[in-house]
Amino acid sequence: MVRRALVVAGVSLSVGAAAVCCASRGAFDANETSDAPATGDVAQARDAERVQDVSEPTDAPGASRITRVYVGQDDEQLVVFALDDATGALTELSRTAIPGSTSFVALDASGTRGAAVLEGDAQVVGLAITPGTGAARESGARRSSRGAGPTHVSIDAGGAHALVANYGAGSVASFPLGVDGALGDALDEEIPGANAHQILTTPSHRWALVPCLGADRVAVLAFDATSGALSGASAHDTAEGAGPRHLAITASGTHVYLANELDSSLEALSFDEASGTLESLGAVSTLPAGSASRNSVAEIALGPGERFVYVSNRGHDSIAVFAIGTDHRVQARGHALLEARRPRSFAIDPLGRYLLAGAQDDDVIVRFRIEDDGTLTRLGATPTTGSPTF
């Protein structure tokens with residue numbers, strides 16, 4: 001199945017079809033506003049996979065805050081939208097041809113550089129973001145992802161490396177990321193487990209966590225932020241058949257929330273920074289009690305203030321909402337229906353006001369407002385010209 005990527009940036013927002021990644025401020029002019037008309041809503045929304053969000057303040061009187069959203073599609077287009085902070089509306093700004101179709105996109109903390117993986121071609125490519133306009137372009141030579149089926153890419157907090165997870169090969173690799181957005185040859189690679197689905201570094205930059213769906217484990221790798229070297233350290237075994245897919249790490253790095261694709265569960269874990277080990281605090285279902293939906297879980301993200309965590313259900317076609325307690329365990333708070341099919345990915349804007357979800361089977365981005373109590377209010381859906389992915 002071909003996937004499409006969606007990334008949002010404002011001060012930086014990324015949206016992807018199967019996942020959502022967030023870029024940080026600084027990539028765009030602080031005084032920029034959009035004069036383009038708002039995109040109309042689609043009554044029935046069905047596909048928009050992954051959303052990443054970054055908002056950008058303006059100084060002009062009455063001007064709205066703008067966040068740019070980068071969407072990778074299976075029509076080989078990387079599309080940039082503006083997210084209106086006042087209304088949640090999306091307006092297309094530009095598009096760039098990326099032959100091979102991006103399956104996941106990530107931006108660095110400055111929002112000026114990034115990387116994308118091309119799943120069908122087993123490649124990773126560096127991206128440069130044009131100041132002022134936010135338009136994206138390929139930078140430098142494409143590199144082998146060092147394994148079949150690259151499904152995820154992230155940029156380490158220092159902005160020096162791009163890290164890639166190869167689902168087909170069960171491998172991960174690190175690449176140097178230049179100031180111009182170009183990637184160098186792979187620095188290191190490891191095989192943490194079957195169907196490596198994601199790789200994220202911890203806030204301390206000392207560790208990289210890799211959910212391995214086919215091995216029912218989360219591998220913890222030691223990460224050298226200077227050299228880009230990776231080495232096996234420990235692993236957390238999930239329930240048999242859980243299928244760990246994606247995870248979210250708290251800002252303190254002390255807790256991790258894990259979305260298990262195959263058994264539709266959410267697991268809370270503590271993380272020991274000194275030893276690099278994970279310990280389970282318990283798991284809960286992502287589906288309503290008594291649900292008979294044929295379902296698989298996809299994306300996960302922490303909400304504003306890390307008071308809530310959100311998980312997407314494909315089949316039930318919803319975003320599950322969970323409250324995080326003082327003991328860091330989770331409690332179900334309900335479900336928001338997309339009215340669209342297969343929310344593969346979603347992202348939350350930096351201000352924590354909106355959640356954007358890519359409905360993979362309906363080529364739309366469904367927009368939700370995040371309420372003070374963590375619940376979601378559906379605002380509408382914005383069509384895309386191709387199926388959006390990570």
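Residues numbered from 1 in each chain as written. Predicted model: local features only at pLDDT ≥ 70, side-chain atom pairs only at ≥ 80, totals over all residues. Heavy atoms only, no water.

Here we look at the overall build of the chain
Part 1: Along the backbone of the chain there are zero helices and 30 strands.
Part 2: Taking all 390 residues of the chain together, 59% fall into the buried category.
Part 3: Restricting the contact set of the chain to residue pairs at least 6 apart, pairs at least 24 apart contribute 55%.
Part 4: For the chain, the accessible area works out to roughly 13,200 Å², and carbon and sulfur atoms hold 48% of it. (Helix = DSSP H or I, 4+ residues; strand = E, 2+ residues; numbered from the N terminus. Buried < 20%, exposed > 50% of the residue type's maximum accessible area, 1.4 Å probe, protein only. Contact = heavy atoms within 4.5 Å. Areas by Shrake-Rupley, 256 points an atom, 1.4 Å probe, with all protein chains shown as cover.)

Digging into the sheet that holds strand 19 (residues 244-249)
Part 1: What the four strands build is an open sheet, ordered 19-20-21-22; its pairing is antiparallel. With partners counted over all chains shown, the strands left at the sheet margins are strand 19 and strand 22 (277-285), one partner each. Taking each pair of neighbouring strands and ignoring which way they run, the sheet shows an average axis angle of 25 degrees. (Pairing = 2+ DSSP bridges. Axes fitted to C-alpha atoms, helices over the stretch in contact; angles between N-to-C directions.)

Some words on unusual backbone geometry
Part 1: Backbone geometry places Asp-317, a non-glycine residue, at a positive phi of 55 degrees.
Part 2: If you trace the backbone, Asp-317 turns up in the loop between strand 24 (308-314) and strand 25 (318-324).
Part 3: For Asp-317, a relative accessible area of 16% gives the class buried.
Part 4: Even without being a glycine, Arg-342 presents a positive backbone phi close to 60 degrees.
Part 5: Looking at where Arg-342 falls in the secondary structure, it is placed in the loop between strand 26 (330-337) and strand 27 (343-348).

Some remarks on the environment of Leu-287
Part 1: Locating Leu-287 in the fold gives a position in the loop between strand 22 and strand 23 (296-302).
Part 2: It is 9.6 Å that separates the C-alpha atoms of Leu-287 and Ile-319, two residues lying 32 residues apart in sequence.
Part 3: The residues touching Leu-287, leaving out its near neighbours within four places in the chain, are Ser-264, Ser-293, Asn-295, Asn-313, His-316 and His-335.

Things to note about the nonpolar core
Part 1: Ranked by internal contacts, the top residues of the largest apolar core, which has 20 residues, are Tyr-310, Ile-319, Leu-338, Leu-355, Phe-368 and Leu-376.
Part 2: Residue assignment for this core shows that the elements contributing at least two residues are strand 24, strand 25, strand 27, strand 28 (354-359), strand 29 (364-370) and strand 30 (376-383).
Part 3: With four residues, strand 29 is the largest single contributor of residues to this core.
Part 4: Not counting residues within four places of it along the chain, the set of residues in contact with Leu-376 comprises Tyr-310, Ile-319, Val-321, Ala-336, Leu-355, Phe-368, Arg-369 and Ile-370.
Part 5: Residues Ala-248, Ile-300, Leu-302 and Phe-322 belong to the second largest nonpolar core, which totals 15 residues. (Core = buried A, V, L, I, M, F, W, Y, C linked by side-chain atoms within 4.5 Å.)

Topic: the pattern of salt bridges
Any two side chains of opposite charge can pair if their charged atoms end up close together.
Part 1: One pass over the full model with this rule turns up 14 salt bridges.
Part 2: Taking the shortest distance from any N to any O, the salt bridge between Arg-95 and Glu-92 comes out at 2.9 Å.
Part 3: Between Arg-206 and Glu-273 there is a salt bridge, with its nearest N and O atoms 3.6 Å apart. Of the two residues, Arg-206 sits in the loop between strand 15 (200-201) and strand 16 (207-212) while Glu-273 sits in the loop between strand 21 (265-272) and strand 22, which places them 67 residues apart along the sequence.
Part 4: What makes Arg-206 partly exposed here is its relative accessible area of 39%.
Part 5: What you see here is one network of salt bridges that share partners, running through Arg-245, Glu-261 and Arg-314. (Salt bridge = Lys/Arg side-chain N within 4 Å of Asp/Glu carboxyl O.)

Concerning the sheet that holds strand 10 (residues 136-144)
Part 1: Ordered by their spatial adjacency, four strands build an open sheet running 7-8-9-10, and the pairing between neighbours is antiparallel. The open sheet has two edge strands with one neighbour each: strand 7 (104-107) and strand 10. The sheet shows a mean angle of 20 degrees between the axes of neighbouring strands, taken without regard to direction.
Part 2: As paired strands, strand 9 (residues 123-129) and strand 10 are joined by six bridges and run antiparallel to one another. Within the sheet, the bridge partner assigned to Gly-126 lies in strand 10 and is Ser-139.

Section: the environment of Gly-100
Part 1: Residue placement: Gly-100 occurs in the loop between strand 6 (90-97) and strand 7.
Part 2: Residues Gly-100 and Gly-120 lie 20 residues apart in sequence; the distance between their C-alpha atoms is 7.1 Å.
Part 3: Among all residues touching Gly-100, those that are not within four sequence positions of it are Glu-76, Leu-118 and Asp-121.

What about the side chain of Ser-174?
Part 1: For Ser-174, the position within the fold is in strand 13 (residues 171-176).
Part 2: Assessed through its relative accessible area of 0%, Ser-174 is described here as buried.
Part 3: Of the polar contacts made by the side chain of Ser-174, one reaches the backbone oxygen of Gly-228; its length is 2.6 Å.
Part 4: In this view, Ser-174 contacts Ala-162, Leu-163, Ala-186, Leu-187, Asp-188, Gly-228 and Leu-230; residues no more than four positions away in its chain are not counted. (Polar contact = N/O pair within 3.5 Å; in protein donor to acceptor, adjacent residues only side chain to side chain.)

Some remarks on the side chain of His-152
Part 1: You can see His-152 is positioned in strand 11 (residues 150-155).
Part 2: Side-chain polar atoms of His-152 contact the backbone nitrogen of Ile-199, separated by 3.3 Å.

Focus on the confidence of the model for the chain
Part 1: With 82% of its residues at a pLDDT of at least 70, the chain reaches an overall mean of 85.
Part 2: Low pLDDT, under 50, characterises residues 1-6; the stretch is placed with 59 contacts to residues that sit more than four places away or in other chains.
Part 3: Contacts of residues 8-13 to residues separated by more than four positions or lying in other chains number 68 contacts, the stretch itself having pLDDT below 50. (pLDDT = per-residue confidence, 0-100.)

Here's the deal with the pairing of strand 26
Along a regular strand, successive side chains alternate from one face of the sheet to the other.
Part 1: Relative to strand 26, strand 25 is paired through seven bridges, and the arrangement is antiparallel. Across the sheet, residue Ile-324 finds its bridge partner in strand 26, namely Val-330.
Part 2: Joining the antiparallel neighbours strand 25 and strand 26 is a turn of five residues, in which His-328 adopts a positive phi near 75 degrees.

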